[in-house]
Amino acid sequence: RILELDLRRALAHEEFELYYQPLVNLKTGRISTCEALLRWNHPVRGTVSPVDIIPVAEEMGLIVDLGRWILRKACMECMRWPEAVSVAVNFSPQQFHQRDVLNEVRYALEVSGLPASRLEIEITESSLLRNTQWTLDALSQLHSAGVRISLDDFGTGYSSLSYLHNFPLQKVKIDRSFLEGIDADRPLTLLRGVARLSADLGMSVVVEGIETNEQLELISADGTVTEAQGYLFSRPVQATQVRQLLAASH
Ligand code: G
Ligand code: G
Ligand code: MN
Ligand code: NA
């Protein structure tokens with residue numbers, strides 16, 4: 001169990017680091033976006049995963065401070081990439097539901113100089129399940145400010161397809177569990193259905209967790225899926241390696 005004190009110290013001592021994993025545009029074959037993924041370089045434990053950090057930070061009420069650090073860092077690092085490349089930042093429900101979320105985002109853009117159009121905010125279905133009217137307003141305001149909202153891990157939570165219609169979202173990331181066990185006998189019926197619906201509703205569609213060329217071909221076949229992400233393209237890499245990925249792609 002991570003000690004709370006340890007986490008506070010880590011933030012103060014900049015022991016956190018952002019790794020990045022690309023999203024590839026399937027039409028151009030180029031990297032469109034890099035998703036920021038938190039890592040903690042713990043002096044004793046080594047690399048600690050966000051799965052172990054975020055829930056504790058939420059419990060402690062440290063998520064707002066940590067989230068602010070992540071957002072600003074991601075915006076600043078994106079400024080070093082070509083203009084065509086955006087950055088995606090994961091927001092936990094508590095971070096998204098902070099009263100000041102719009103100002104947090106505006107401020108991060110301002111201090112970094114990053115245009116809003118290069119920032120994507122990834123929220124999960126659980127962020128949509130509480131405080132509906134507030135959520136609708138926050139999503140519209142963020143969209144008006146020019147950032148894109150992306151629904152992460154879609155299909156794993158408790159929301160329904162109607163959420164895609166009822167909330168102003170610009171992108172859907174279909175969870176990699178939709179790829180499980182697919183082959184000629186068990187085709188991508190469900191994934192294709194969700195992808196088509198999302199596209200018909202005007203959203204960009206991402207499929208996560210692409211590990212093989214066969215999966216890539218299957219999801220690319222009908223042209224509905226706009227972007228893909230997964231180990232086939234790249235694992236999450238350190239900021240210093242992003243330029244190489246981009247150089248190979250652009
Ligand atoms: O990178 P990795 O596979 O270890 O990420 C595990 C989970 O942690 C994923 O669900 C991812 O969305 C989440 N995660 C990674 N980085 C962040 C972050 O900066 N903020 C939040 N809220 N979640 C993150
Ligand atoms: O929940 P979120 O989508 O933000 O989680 C991202 C995490 O998913 C990354 O931290 C990464 O470790 C993991 N991931 C990314 N691509 C793949 C993949 O192709 N296969 C598997 N098994 N995990 C992946
Ligand atoms: Mn994500
Ligand atoms: Na995801």
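Computed from a predicted structure; not experimentally measured.

Caption draft 1: Spotlight on the overall build of the chain. Looking only at helices and strands, the chain features 11 helices and 10 strands. The C-alpha atoms of the chain give a radius of gyration of 18 Å, which matches the 18 Å a tight globule of 250 residues would have. Expressed along its principal axes, the backbone C-alpha trace of the chain runs to roughly 50 × 40 × 35 Å. Sorting the 250 residues of the chain into buried and exposed places 50% on the buried side. The contacts in the chain between residues at least 6 apart in sequence include a share of 68% that link residues at least 24 apart. Entry remark: accessible area of the chain is about 12000 Å², with carbon and sulfur atoms responsible for 49%.

Caption draft 2: Summary view of the coordination of the sodium ion (ligand 4). Asp152 (OD), Asp153 (OD), Glu208 (OE) and Glu208 (OE) make up the full set of protein donors to the sodium ion (ligand 4), lying at 2.0 to 2.8 Å. Every donor residue of the sodium ion (ligand 4) comes from the same chain, spaced as D-D-x54-E. In this structure, the sodium ion (ligand 4) lies 3.9 Å from the manganese ion (ligand 3), and both are coordinated by aspartate 152. Looking at aspartate 153, the relative accessible area reads 26%, which means it is partly exposed.

Caption draft 3: Spotlight on the site of ligand 2. Taken together, 13 residues surround ligand 2, and among them Glu35, Asp153, Glu208, Glu211 and Tyr231 come closest. Contact between ligand 2 and glutamate 35: an oxygen atom at 3.0 Å from a side-chain N or O atom of the residue. One of the side-chain N or O atoms of glutamate 208 is found 2.9 Å from an oxygen atom in ligand 2. Considered class by class, the residues forming the shell around ligand 2 number three nonpolar, four polar and six charged.

Caption draft 4: Representation of the coordination of the manganese ion (ligand 3). The protein atoms donating to the manganese ion (ligand 3) are Glu35 (OE), Asn90 (OD1), Glu122 (OE) and Asp152 (OD), with metal-donor distances spanning 2.1 to 2.5 Å. Among the residues examined, asparagine 90 registers a relative accessible area of 26% and is labelled partly exposed. Residue glutamate 122 is classed as buried on the basis of its relative accessible area of 1%.

Caption draft 5: A look at the confidence of the model for the chain. Looking at the chain, pLDDT values average 94 and 97% of them are 70 or higher. Model confidence for the complex is summarised by a pTM of 0.97, with the ipTM given as 0.97.

Caption draft 6: Expanded view of the pairing of strand S6 (residues 148-154). Most of S6 sits inside the fold, with five of its seven residues counted as buried. Where strand S5 (residues 119-124) lies against S6, five bridges are found, and the strand directions are parallel. Bridge pairing in S6 places isoleucine 123 opposite leucine 151. As a crossover connection, the stretch from S6 through helix H8 (residues 161-166) into strand S7 (residues 171-174) is right-handed.

Caption draft 7: Region of interest: unusual backbone geometry. Residues other than glycine seldom take positive phi values, yet asparagine 131 does so here, at roughly 50 degrees. Relative to the helices and strands, asparagine 131 is located in the loop between helix H6 (125-128) and helix H7 (132-144). At aspartate 153, a position not held by glycine, the phi torsion is positive, near 55 degrees. Summarising the element assignment, aspartate 153 is placed in strand S6.

Caption draft 8: Quick look at the environment of lysine 27. Among the structural elements, lysine 27 can be located in the loop between strand S1 (16-25) and strand S2 (31-42). Exposure remark for lysine 27: the relative accessible area of 78% places this residue in the exposed category. Separated by 70 residues in sequence, lysine 27 and histidine 97 place their C-alpha atoms 35 Å apart.

Caption draft 9: Representation of helix H9 (residues 189-200) within the structure. Taking 1.5 Å per residue as the helical rise, H9 with its 12 residues ought to reach 16 Å, and the 16 Å between its terminal C-alpha atoms agrees with that figure. Buried residues of H9: Leu191, Val194, Ala195 and Ser198, and no others. With its buried residues spanning 100 degrees around the axis, H9 presents them on a single face. Of the exposed residues in H9, the ones pointing more than 90 degrees away from its buried face are Thr189 and Asp200. Buried residues along H9 sit in contact with S6, H8, S7, strand S8 (204-207) and helix H10 (213-220). Just past H9, the residue glycine 202 takes up positive phi, approximately 90 degrees.

Definitions and cut-offs
Numbering of residues starts from 1 in each chain and follows the order in which that chain's sequence is written. Think of it this way: whatever chain is written first is A, whatever ligand is written first is 1, and the rest follow in order. Owing to the predicted nature of the model, reporting of local features is limited to residues with pLDDT of at least 70; listing and counting of side-chain atom pairs is limited to 80 or more, with chain, interface and lining totals taken over all residues. Heavy atoms from the whole structure form the basis of all side-chain values; hydrogens and water molecules are not counted. Put simply, DSSP H or I for four residues or longer makes a helix, DSSP E for two residues or longer makes a strand, and each gets a number counted from the N terminus. In this treatment the radius of gyration is a C-alpha quantity, and the globule benchmark scales as 2.2 Å times the residue count to the 0.38 power. Here's how the labels work: a residue is buried when its accessible area is under 20% of the maximum for its type, exposed when over 50%, partly exposed in between, all with a 1.4 Å probe on protein chains only. Note on definitions: a residue-residue contact is assigned when non-hydrogen atoms from the two residues lie within 4.5 Å. Computed with a 1.4 Å probe, the accessible areas rest on the Shrake-Rupley method; for each residue, only the protein chains presented here act as cover. The rule for donors is simple: N, O or S, within 2.8 Å of the metal, or within 3.2 Å if the metal is Na, K or Ca. Water isn't counted, so a site may look like it is missing partners. To be near a molecule or strand, a residue needs just one of its heavy atoms within 4 Å of it. By the criterion applied in these results, polar contacts are pairs of N or O atoms within 3.5 Å in which, for protein atoms, one can donate a hydrogen and the other can accept it, and in which residues neighboring in sequence qualify only through two side-chain atoms. Three residue categories are used. Nonpolar comprises Ala, Val, Leu, Ile, Met, Phe, Trp, Tyr, Cys and Pro, charged comprises Asp, Glu, Lys and Arg, and polar comprises the others, including Gly. A residue's pLDDT is simply how confident the predictor is in it, with values from 0 to 100. Pairing between two strands requires that DSSP report at least two bridges joining them. Seen with its strands pointing away from the viewer, a crossover is right-handed if its path from the first strand over the helix to the second goes clockwise. An expected span of 1.5 Å times one less than the residue number is assigned to each helix. This arc is taken over the directions from the axis of the helix to the C-beta atoms.

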